[in-house]
Amino acid sequence: MGVLVSSLFRVILQRLGLGVMTLFVVSLIIAFVVELLPGDITQAMLGQSATPETVAAFRAEIGLDRPAHIRYLEWLHGMLTGDMGQSLASKREIAEFVGPRLANTLFLGGVAAAIAVPLALFLGLLAALYRNSIYDRIVNMTTLTSISFPEFFVAYILILFFSVKGGFFPGISNVSTDLAFGDKLFRTVLPALTLTLVVLAHMLRMTRAAIINLLSSPYIEMARLKGTRPLRIIVYHALPNAWGPIVNVIALNLAYLVVGVVVVEVVFVYPGLGQLLVDSVSKRDLPVVQACAMIFAAVYILLNLLSDIVSIISNPRLLHPR
């Protein structure tokens, strides 16, 4: 047990080191890409009628007249010390309004995960139990169709039927911090359902494939020869050994629920981090764009680290790959 804990601790340190290096590379890419965006915030705020002298004075006031690498180093130093800087558009500290936006995004991802993960495991178990049946074929056809549809298409279909025609849920998810939990959950149903339909198919198909792959193992055959019921074989014998790949795909989809919410938040005008990122890009508010992108990258890396840890705990042989 002590050897396992020490090996696991070493793997965690290695993954954290790789995560820090990845974040540094991501920060370089973000800084390079935002510099390629046409125009800047001075043109967006002053308009086309502004004189060159006014534009130059405003650029000097907000620090855009300095070289790009100097601004990047100052921004990187601020991120390392916990200072995200100020918004160029509102002059507010970025941490003041990024925190509530991140909380809204995590709430939306958490609601979608609470629906998608148990449902994917349950439907995947049934698909493995009744493989090659009519139910299995319907599930395969439905999941392939769901994977083929982009998020915005699914979102607009749900808005059409459940908001415009049905009137069951609001088409715009204008949540706020002063809302009660029930009201906030009610306004989050449609975007959460959109994300659920998008990620459900991947997790369901991986659950089904991982379990079916183990059903030909010798210990499964022995359990069958002993007369064990098929459901018990899958739940108590196959599923524990299939947790590795299942957890990996769940973690990747959870990362997508947080990082890939940009399109869904824009469609539903949901006040999350993705909506803030899009608004900041349109305003050319580069410090906010950089902060949002770094938060998304950090969340993605942490969730991948979590999936590695859970996979190793469920299958210690991964510590010694051959």
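Being a predicted model, the structure only gives us computed values, none of them experimental.

*Asks:* In this structure, what is going on with the overall build of the protein chain? I would like to understand it.
*Replies:* When its secondary structure is counted, the protein chain shows 15 helices and zero strands. Taking the principal axes of the C-alpha coordinates as reference, the protein chain spans close to 85 × 60 × 35 Å. Each of the 322 residues in the protein chain was classed as buried or not, and the buried ones make up 41%. Residue pairs in contact within the protein chain that sit at least 24 positions apart in sequence constitute 72% of those at least 6 positions apart. For the protein chain, the exposed surface amounts to about 17,500 Å²; the carbon and sulfur share of it is 68%. For the protein chain, the centre of its 23 positive side-chain charges and the centre of its 18 negative side-chain charges are spaced 19 Å apart.

*Asks:* How should I be thinking about unusual backbone geometry in this particular structure?
*Replies:* Of all residues except glycine, most have a negative phi; of all peptide bonds, most are trans. Phi is positive for Asn132, close to 65 degrees, though the residue is something other than glycine. What makes Asn132 exposed here is its relative accessible area of 59%. Although it is not a glycine, Val269 sits at a positive phi angle of roughly 50 degrees. Residue placement: Val269 occurs in the loop between α13 (262-268) and α14 (273-283). Take Val269: its relative accessible area is 43%, and that puts it in the partly exposed class.

*Asks:* Even after reading the chapter, I still don't get a nonpolar patch on the surface, so can you show me in this structure?
*Replies:* Taken together, the side chains of Phe149, Phe152, Phe153, Tyr156, Ile157, Leu160, Phe161, Phe162, Val164, Phe168 and Val263 make up a nonpolar region of the molecular surface, amounting to roughly 1,000 Å² of accessible area. With eight residues, the top contributor of residues to the nonpolar patch is helix α7 (residues 151-165). In this structure Phe152 comes out as partly exposed when scored by relative accessible area, which is 42%.

*Asks:* Mind showing me how you'd approach the packing of aromatic side chains here?
*Replies:* For the structure on display, the rule yields five aromatic pairs. Taken together, a centroid distance of 4.9 Å and an interplanar angle of 45 degrees make the contact between Phe149 and Phe153 tilted. Residue class for Phe153 comes out partly exposed when judged on its relative accessible area of 36%. Taking the centre distance of 5.5 Å and the plane angle of 45 degrees together, the rings of Phe169 and Phe186 count as tilted. Of this pair, Phe169 sits in the loop between α7 and α8 (181-187) while Phe186 is found in helix α8, placing the two residues 17 residues apart along the sequence. A cation sits over an aromatic face here: Lys184 above Phe107, 4.7 Å from the ring centre.

*Asks:* So what exactly am I meant to see when it comes to α7 here?
*Replies:* Three or four residues apart is the spacing at which side chains of an α-helix point the same way, because the helix has 3.6 residues per turn. In a regular helix each residue adds 1.5 Å, so 15 residues correspond to 21 Å; α7 covers 20 Å between its end C-alpha atoms and thus fits that length. Buried within α7 are the following residues: Glu151, Val154, Ala155, Leu158, Ile159 and Ser163. In this structure, the buried residues of α7 make contact with α9 (189-214), α12 (243-259) and α13. One or two steps after α7, the chain reaches Gly167, where phi turns positive at roughly 70 degrees.

*Asks:* Just to check I follow, could you spell out the packing of α7 against α9 for this structure?
*Replies:* Relative placement of two packed helices is described by the angle separating their axes and the distance separating the axes. Direction vectors running N to C along α7 and α9 enclose 135 degrees, while the axes themselves pass 9 Å from each other. As far as their axial angle goes, α9 and α7 are oblique. Helix-helix and strand crossings are classified by hand; for α7 and α9 the assignment is right-handed. Residues Glu151, Val154, Ala155, Leu158, Ile159, Phe162 and Ser163 of α7 form the contact with α9, whose participating residues are Leu190, Leu193, Thr194, Leu197 and Val198. Across the contact of α7 with α9, the residue classes break down as nine nonpolar, two polar and one charged.

*Asks:* Any chance you could explain the pattern of salt bridges here in plain terms?
*Replies:* Think of it this way: side chains of opposite charge can pair up when their charged atoms draw near. One pass over the structure, following the stated rule, counts two salt bridges. Note that Arg208 and Asp136 form a salt bridge whose closest N and O atoms lie 2.7 Å from each other. With Arg208 in helix α9 and Asp136 in helix α6 (residues 134-148), this pair connects stretches of sequence that are 72 residues apart. Residue class for Asp136 comes out buried when judged on its relative accessible area of 1%.

*Asks:* Explain the environment of Arg59 here, please?
*Replies:* Tracing the backbone through its elements, the reader meets Arg59 in helix α3 (residues 52-62). A sequence separation of 17 residues divides Arg59 from Thr42, and the C-alpha atoms of the two residues are 6.5 Å apart.

*Asks:* Just to check I follow, could you spell out α9 for this structure?
*Replies:* In this model, α9 (26 residues) spans 36 Å end to end at C-alpha, consistent with the 38 Å of a helix rising 1.5 Å per residue. When the local axis directions of α9 are compared, the greatest deviation, roughly 35 degrees, occurs at Val199.

*Asks:* Hey, could you run me through the environment of Phe32 in this one?
*Replies:* Mapped onto the elements, Phe32 comes out in helix α1 (residues 2-36). Among the residues examined, Phe32 registers a relative accessible area of 54% and is labelled exposed.

The rules we used
Residues numbered from 1 in each chain as written. Predicted model: local features only at pLDDT ≥ 70, side-chain atom pairs only at ≥ 80, totals over all residues. Heavy atoms only, no water. Helix = DSSP H or I, 4+ residues; strand = E, 2+ residues; numbered from the N terminus. Buried < 20%, exposed > 50% of the residue type's maximum accessible area, 1.4 Å probe, protein only. Contact = heavy atoms within 4.5 Å. Areas by Shrake-Rupley, 256 points an atom, 1.4 Å probe, with all protein chains shown as cover. Lys, Arg positive; Asp, Glu negative; His and termini not counted. Charge placed at Lys NZ, Arg CZ, Asp CG, Glu CD. Patch = residues over 30% accessible without salt bridge, like charges linked within 9 Å, V, L, I, M, F, W, Y side chains within 5 Å. Salt bridge = Lys/Arg side-chain N within 4 Å of Asp/Glu carboxyl O. Phe/Tyr/Trp six-rings, centres within 6.5 Å; stacked < 30°, edge-to-face > 60°. Lys NZ or Arg CZ within 6 Å of the ring centre and 35° of its normal. Expected span 1.5 Å × (residues − 1). Axes fitted to C-alpha atoms, helices over the stretch in contact; angles between N-to-C directions. Parallel < 35°, antiparallel > 145°, perpendicular 65-115°, else oblique. Left-handed = near helix turned anticlockwise from the far one by under 90°. Nonpolar A, V, L, I, M, F, W, Y, C, P; charged D, E, K, R; others polar. Bend = angle between axes of the 7 residues up to and from the residue.

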